[in-house]
Amino acid sequence: MTSNSSIEFSEDSSGLSLHEAVNEAKRCLNCKQPKCKEGCPIANNIPEFIRAVSLGNFGEARNYIAEKSNLPAVCGRVCAHELQCEGSCVLNQKGKPVKIGLLERFVADFAFDANISHEKIVSKTRGKIGVIGSGPAGLTVAGDLAKIGFSVTVFEALPEPGGVLLYGIPEFRLPKEIVRREIKQIETHGVNFSVNRTIGADLNVDTLFGMGYDALFIGTGTAVSKELDIPGKELIGIVQANYLLRMIALYGANQIERKELPIHTGEHSLVIGGGNVAIDAARSLLRMGAGSVSVVYRGTRGNMSALKSEYDSAVSDGVKFLWEHVPKEFVGEGQISGLSVTTPSGELTVPAEKIYLAIGSRPANRIVSTTGGIDVDDNGYVITKLRPYGMTTRKGVFAGGDVVHRPATVVMAMKEAKKVAAGIAEYVDAVKLLEL
Ligand code: FAD
């Protein structure tokens, strides 16, 4: 698929050259008890792959990473390294951790460019698994189970697999071609993808079991954006940030025209929120030609869930931040013209031609409402068990990622999905043994 390659969409950080990667890897102290590995939610083989890079053995480095991760080029770009592996590196005590994220990215990109990502394909004899949703959780379950002999089909509602990786995180942080290429690699393990397939509409859990699936995994994320329930919410010009990001992704892939985007060149916009989505929306708006963008946040910089590195990038792009501004009312007549807020120094109205909401999301109930026996909590999150890990209240139906654990991160979705994949394997093996 061709994609829009203008400056708005080009990746904003460059990776390491071969020379830089080897030198960076040589900085590793080879700690006896590697804290970096402890800091990685999926316990990536970090010391091992870094050592291989330092010796120039890039294929070996790639194999160490592939033992744990199906999405190394993605994680190398969007993981919160500063809080995880790099934050735990002993050299971080002096403020100069080994650049583990960039090294992972280098290895993944090198392996692709040099075409050295060959793995043994295992024959599919252990059972048939249906995975619903193709974000990092679904992709991880699919990849892990295919590698140990399960036949896996992934059902995805959207036209292309990838979930938030494709339709949420902007191109300038995570190029879509990188996501597509990691999915292709998962496909080479024998995983089938069925796109434009909304489970709960075309098919439901019962019909899937009727088609012979031994177990199902729900990894459908949190698709419903939260509204801000204050006066004036019906005014024209209030847009969900997730919708904006999805439309920009479609425009970047030449699937819609620029005039279909919910943004007008030169507009003065506000983004309400304090997480990844708010920062991504704000930075995307500036790239797409907004006149000014301010993030309105009810807390201080210290309370924001967005990473410091993301905040710094937003500031250097020109995004303004309004701290301790609590939204009270959308102001305007028919069309939005401002946001009335309470601040520590009193009330004021911030003028705005457009307001984007990035205040969170929750799961849709499409799957659980079209089949029986899958319990959810009061907010719609799927309830799962510890044994077999990740099974819902319905036998054979498992769940993981944001739809269980609330909106988190790519690697947290992967961590849970890995444990659920092990739970699914244990369950299917046990059922088949009892059938003998
Ligand atoms: P998702 O990625 O949401 O995938 C769910 C998939 O299920 C979607 O493809 C959806 O279309 C599909 N689906 C839903 N319902 C159905 C159905 N009924 N039938 C079939 N398919 C269905 N995390 C980081 O670590 N670093 C970041 O920099 C970062 N930035 C982010 C930026 C944005 C804008 C957003 C929104 C999130 C960001 N996150 C980031 C969080 C991270 O992307 C999520 O935690 C992660 O994607 C969750 O993975 P998941 O597989 O559970 O769900």
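No experiment lies behind these values; they were computed from the predicted model shown.

Draft legend 1. Expanded view of helix H7 (residues 100-113). With 14 residues, H7 extends 20 Å from end C-alpha to end C-alpha; this agrees with the ideal 20 Å at 1.5 Å per step. Across the 14 residues that make up H7, a large majority, ten, are buried. Of the residues one or two after H7, asparagine 115 is the one with positive phi, at around 55°.

Draft legend 2. Just the sheet that holds strand E8 (residues 292-296), in detail. With parallel pairing, the five strands of this open sheet are ordered in space as E6-E13-E7-E8-E9. Both edges of this open sheet fall to strand E6 (238-240) and strand E9 (320-322), since each of them pairs with a single strand only. Direction aside, neighbouring strands of the sheet carry axes that sit 25° apart on average. Examined bridge by bridge, strand E7 (residues 268-272) and strand E13 (residues 354-357) share four bridges and lie parallel to one another. By the bridge assignment for E13, valine 271 is matched with tyrosine 356. Sheet strands touched by helix H13 (residues 276-287): E7, E8, E9 and E13. Its angle to E7, the strand with the most contacts, is close to 170°.

Draft legend 3. View of the packing of helix H8 (residues 136-147) against helix H16 (residues 410-435). Axis separation between H8 and H16 bottoms out at 8 Å; the angle between their running directions is 40°. Taken as axis vectors, H8 and H16 run oblique relative to one another. H16 is crossed by H8, and the crossing has right-handed handedness. Contacts between H8 and H16 involve Pro136, Ala137, Thr140, Val141, Asp144 and Leu145 on the former and, on the latter, Val410, Ala413, Met414, Ala417, Lys418, Ala421, Ile424 and Ala425. Here the residues of the contact of H8 with H16 sort into eleven nonpolar, one polar and two charged.

Draft legend 4. Quick peek at the nonpolar core. Counting residues in hydrophobic clusters, the biggest one holds 97 residues, and the most contacted among them are Phe49, Val152, Val271 and Ile424. Filtering out sequence-adjacent residues up to four positions away, phenylalanine 49 remains in contact with Ala61, Tyr64, Ile65, Ile100, Leu103, Glu104 and Val107. By size, the runner-up hydrophobic cluster in this structure holds 16 residues, among which are Phe155, Leu208, Ile367 and Ala399.

Draft legend 5. Main features of the sheet that holds strand E12 (residues 346-351). With antiparallel pairing, the three strands of this open sheet are ordered in space as E10-E11-E12. Each end of this open sheet is capped by a strand with a single partner; those strands are strand E10 (326-333) and E12. Along the sheet, successive strands turn relative to each other by an average axial angle of 25°, direction set aside. As paired elements, strand E11 (residues 335-343) and E12 share six bridges and run antiparallel to each other. Residue pairing across strands places threonine 343 opposite glycine 346, the latter belonging to E12.

Draft legend 6. Expanded view of the environment of histidine 264. With respect to the helices, strands and loops of the structure, histidine 264 is situated in the loop between helix H12 (241-252) and E7. The exposure class assigned to histidine 264 is exposed, which follows from its relative accessible area of 54%. For the pair histidine 264 and alanine 290, spaced 26 residues apart in sequence, the C-alpha separation works out to 6.9 Å. When near neighbours in sequence (up to four residues on either side) are disregarded, histidine 264 contacts Gly289 and Lys354.

Draft legend 7. Main features of the packing of aromatic side chains. For the coordinates displayed, the defined rule picks out nine aromatic pairs. Consider the rings of tyrosine 311 and tryptophan 323, whose centres lie 5.9 Å apart with planes at 45°: the pair is tilted. Within this pair, whereas tyrosine 311 is found in helix H14 (residues 308-317), its partner tryptophan 323 is found in the loop between E9 and E10, the two being separated by twelve residues in sequence. A relative accessible area of 25% places tryptophan 323 in the partly exposed class. Each member of the aromatic cluster is reached from another via a ring pair, and the members are Tyr297, Tyr311, Phe321 and Trp323. Over the aromatic face of phenylalanine 172 sits the side chain of arginine 287, whose NZ or CZ is 3.7 Å from the ring centroid.

Procedures and definitions
- Residues numbered from 1 in each chain as written.
- Predicted model: local features only at pLDDT ≥ 70, side-chain atom pairs only at ≥ 80, totals over all residues.
- Heavy atoms only, no water.
- Helix = DSSP H or I, 4+ residues; strand = E, 2+ residues; numbered from the N terminus.
- Expected span 1.5 Å × (residues − 1).
- Buried < 20%, exposed > 50% of the residue type's maximum accessible area, 1.4 Å probe, protein only.
- Pairing = 2+ DSSP bridges.
- Axes fitted to C-alpha atoms, helices over the stretch in contact; angles between N-to-C directions.
- Contact = heavy atoms within 4.5 Å.
- Parallel < 35°, antiparallel > 145°, perpendicular 65-115°, else oblique.
- Left-handed = near helix turned anticlockwise from the far one by under 90°.
- Nonpolar A, V, L, I, M, F, W, Y, C, P; charged D, E, K, R; others polar.
- Core = buried A, V, L, I, M, F, W, Y, C linked by side-chain atoms within 4.5 Å.
- Phe/Tyr/Trp six-rings, centres within 6.5 Å; stacked < 30°, edge-to-face > 60°.
- Lys NZ or Arg CZ within 6 Å of the ring centre and 35° of its normal.

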